[in-house]
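Structure at a glance
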Amino acid sequence: MQPRILIVDDEDGIRTILKEILLDEGYQVSTAACGQEALDSSGTAESDLVIMDQNMPGLNGIETMERLLERDPSHTVLILTAYGSIPLAVEAIKKGAYDYLAKPFDNDELLLTVRRALEHSALKRELKQLRGELDEKYRFDNIISQSAPMRKVFEQISRVSATGATVLIQGESGTGKELVARAIHYNSGRKNDTLVSINCGAIPMQLIESELFGHEAGAFTDAKEQKIGSFERASGGTLLLDEIGELPLDAQVKLLRVLEEHHVTRIGGKEAIPVDIRIIAATNKDLEKEVAEKRFRIDLLYRLNVFTITLPPLRERREDIPLLVEHFIGKYNRKLGLSVDNVTADAMNVLEQHSWPGNVRDLENAIQSAMIVAAGNSIKLADLPMRLRALNEQDSQIESMGLETYMNDRTEQREREIICRFLSKYRQSKTKTSEALKISRKTLFNKMRQYGIE
């Protein structure tokens, strides 16, 4: 669709000339004879660019622009002004206009300025759309769940988001700790500022302080230029310290100092730099146990443990599995260009009964794999990863045979495999095989007869 331009000018001749020039370029053009008409027009909201005369009776151009921007800050406005009024046009730019154009204008200059303004408008609208998508994506009620344990988590997110409190998120790997951290940030008063995430377990020990606090050029051998640390980058917003339990003890001391004093000093620097941040920490470790084993400072734990959210493992909220499966199917249909519609009953039964040691991330990987393998529109039992199918077959055997019979049978199978392997290893020598297995030759012969080994 061609860009839509609204011309607002009280002079009929100017409106007509501008309209003809812009129509010749293929733009969609509408007009308004005054500021109030522009504000009342339903098409104004859909315009990609508003070309506004500065000097109009009634509402002047700057007043009209201010009201437009109050309604929708994504509007892009180009001010038309006489040469003698350029200082006012400059003032309009300070108040939100993209640029100004002096009358009488050169056609080529007009078209060039319009193209630039439309590019700027497209970027503003894209940013607005992305902002809306972020707000939607990280609303905490969009975390996929219908279970009671997660409803409690939603309530906690709701309570703590509006505060500036430090939050500690605990949970097994793959339970969605980072997603919850992002939900807290994007539902807080800091949502329009930066969220910086740093994985304390993924950074080499010798670089962790540089990543957190930054360094000056020449501070150490490889410090060829100045580096801004995560604390400074997150100032005004939120810093997520993921896997905080992996942070080395000496870095814990410096982190504690920053939390107490609210400023950082770069490595090799002398200046104390103020930082205004909210801290969210996440861990899959039991930090109290880490404290007891002297791997984590108790004073730092007290600083971080202001408000704690504990995420339940997937095995404790199995009723969420069908919802999550549906979500992941939709996600990877879009991402991979697939057309999977559903999961067969026997496959879903396996998914619901599995213990999911890797939690939601583990389930997501399994669904993505099954969708790629699936031949039709349904995920069948045979499409699931082998590890899930093997466990399902094992469970079925246990249920049909009983645990004791199943274990005896598995023990006999394993024993037969071991004897055959050692007989092969020692070239069918019963003496060497019995010696290696530390059993008598008679016992070996009996077992060979029992298992039908020639």
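For the structure itself, consult the block above.
Since the model is a prediction, treat every value here as computed from it, not as a measurement.

Moving on, we come to a nonpolar patch on the surface. A cluster of nonpolar side chains, namely Leu336, Ile372 and Val373, defines an oily patch on the protein surface of about 270 Å² accessible area. Within the secondary structure, Leu336 sits in helix H13 (residues 321-336).

Among the nonpolar cores identified, the biggest contains 31 residues, and Phe231, Leu239, Leu241 and Ile244 are the most heavily contacted of them. Those elements that place two or more of their residues in this core are strand S7 (195-199), helix H8 (208-213), strand S8 (238-242), helix H10 (249-261), strand S11 (278-283), helix H11 (287-292) and helix H12 (298-304). Counting residues per element, this core draws most heavily on H10, which supplies five residues. Not counting chain neighbours up to four residues away, the residues in contact with Phe231 comprise Leu212, Phe213, Leu239, Leu255, Val258, Val264, Val275, Ile277 and Ile279. Counting residues in each nonpolar core, the second largest holds 23 residues, with Phe328, Val350, Val360 and Leu388 among its members.

Once that is clear, we can look at the environment of Ile144. Mapped onto the secondary structure, Ile144 falls in the loop between helix H5 (107-137) and helix H6 (148-161). The class of Ile144 is partly exposed, set by a relative accessible area of 24%. Leaving out residues up to four positions away in the same chain, Ile144 has contacts with Arg317, Leu323, Leu324 and His327.

This paragraph deals with the sheet that holds strand S2 (residues 28-32). Strand order in the open sheet made by the five strands is S2-S1-S3-S4-S5, with parallel pairing throughout. The sheet terminates laterally at S2 and strand S5 (99-103), the two strands that pair on one side only. Looking at each pair of strands side by side, their axes are set apart by 20° on average, direction ignored. Pairing analysis gives five bridges linking strand S1 (residues 4-8) to S2, with the strands arranged parallel. The residue bridging Leu6 from the neighbouring strand is Ser30, located in S2. Each of S1, S2, strand S3 (49-53), strand S4 (77-82) and S5 is contacted by helix H1 (residues 12-24), which is oriented at about 170° to S2, the strand it contacts most.

For S4, the buried fraction is high: five of the six residues fall into the buried class. Direction of pairing for S3 relative to S4: parallel, over a ladder of four bridges. From the neighbouring strand, Met52 faces S4, where its bridge partner is Ile79. Taken together, S3, helix H3 (residues 61-71) and S4 constitute a β-α-β crossover, and its handedness is right-handed. Sheet topology places S4 next to S5; five bridges connect them, and they run parallel. Each residue of the ladder has a partner; that of Ile79, found in S5, is Tyr100.

The final tally for this structure, using the stated rule, is two aromatic pairs. For the pair Phe213 and Phe231, a centre-to-centre distance of 5.7 Å together with 20° between the ring planes defines the contact as stacked. With a gap of 18 residues between them, Phe213 in helix H8 and Phe231 in helix H9 (residues 230-233) connect regions that are remote in the sequence.

In this section: the packing of helix H18 (residues 430-437) against helix H19 (residues 441-450). In contact at an axis separation of 9 Å, H18 and H19 are set at 100° when each is read in the N-to-C sense. Viewed along their axes, H18 and H19 adopt a mutual orientation that is roughly perpendicular. In contact with Lys430, Thr431, Thr433 and Ser434 of H18, H19 contributes Arg441, Leu444, Phe445 and Met448. In the contact of H18 with H19, the residues fall into three nonpolar, three polar and two charged.

With respect to the element layout, Thr175 can be found in the loop between strand S6 (167-170) and helix H7 (177-186). For Thr175, a relative accessible area of 7% corresponds to the buried category. At a separation of 2.7 Å, a polar atom in the side chain of Thr175 contacts the main-chain carbonyl oxygen of Glu172. Those residues in contact with Thr175 that lie beyond four places of it in its chain are Leu311, Pro312, Pro313, Arg317 and Asn359.

To continue, consider the packing of H13 against helix H15 (residues 359-373). Where H13 contacts H15, the axes come no closer than 9 Å and their chain directions differ by 50°. Taken as axis vectors, H13 and H15 run oblique relative to one another. In this structure, H13 meets H15 at a crossing whose hand is right-handed. Side by side, H13 and H15 meet where Ile321, Leu324, Val325, Phe328, Ile329, Lys331, Tyr332, Asn333 and Leu336 of the first sit next to Val360, Leu363, Glu364, Ile367, Gln368, Met371 and Ile372 of the second. The class makeup of the residues in the contact of H13 with H15 is 12 nonpolar, two polar and two charged.

The subject of this paragraph is the sheet that holds S8. Strand order in the open sheet formed by five strands is S7-S8-S11-S6-S12, and the pairing between neighbours is parallel. Where the open sheet ends on each side, the last strands, each with one partner, are S7 and strand S12 (307-310). The sheet shows a mean angle of 15° between the axes of neighbouring strands, direction not considered. Strand direction decides the pairing type here: S6 and S12, joined by four bridges, are parallel. The partner of Gln170 across the bridge, within S12, is Thr310. Those strands touched by H6 are S6, S11 and S12, and its axis lies near 155° from that of S12. Lying over the sheet, H7 contacts S6, S7, S8, S11 and S12, oriented at roughly 155° with respect to S6.

Applying the stated criterion across every chain yields a total of 23 salt bridges. Each of Glu246, Lys285, Glu290, Glu293 and Arg295 takes part in one network of salt bridges that share partners.

Taken as a whole, the second largest pocket encloses approximately 220 Å³ of empty space. Surrounding the second largest pocket, 13 residues form its lining, Thr166, Leu259, His262, Ile277 and Ile279 being those nearest its centre. Elements supplying a minimum of two residues to the lining of the second largest pocket: H10 and S11. Taken together, the residues of the lining of the second largest pocket sort by class into six nonpolar, three polar and four charged.

Rules of the game
Residues numbered from 1 in each chain as written. Predicted model: local features only at pLDDT ≥ 70, side-chain atom pairs only at ≥ 80, totals over all residues. Heavy atoms only, no water. Patch = residues over 30% accessible without salt bridge, like charges linked within 9 Å, V, L, I, M, F, W, Y side chains within 5 Å. Areas by Shrake-Rupley, 256 points an atom, 1.4 Å probe, with all protein chains shown as cover. Salt bridge = Lys/Arg side-chain N within 4 Å of Asp/Glu carboxyl O. Helix = DSSP H or I, 4+ residues; strand = E, 2+ residues; numbered from the N terminus. Core = buried A, V, L, I, M, F, W, Y, C linked by side-chain atoms within 4.5 Å. Buried < 20%, exposed > 50% of the residue type's maximum accessible area, 1.4 Å probe, protein only. Contact = heavy atoms within 4.5 Å. Pairing = 2+ DSSP bridges. Axes fitted to C-alpha atoms, helices over the stretch in contact; angles between N-to-C directions. Right-handed = clockwise from strand over helix to strand, strands pointing away. Phe/Tyr/Trp six-rings, centres within 6.5 Å; stacked < 30°, edge-to-face > 60°. Parallel < 35°, antiparallel > 145°, perpendicular 65-115°, else oblique. Nonpolar A, V, L, I, M, F, W, Y, C, P; charged D, E, K, R; others polar. Polar contact = N/O pair within 3.5 Å; in protein donor to acceptor, adjacent residues only side chain to side chain. Left-handed = near helix turned anticlockwise from the far one by under 90°. 1 Å grid on protein atoms, 1.4 Å probe; cavity = no way out; pocket = protein on both sides within 12 Å on 5 of 7 lines; lining within 4 Å. Points joined across faces, edges and corners; volume = space filled by probe spheres on them.

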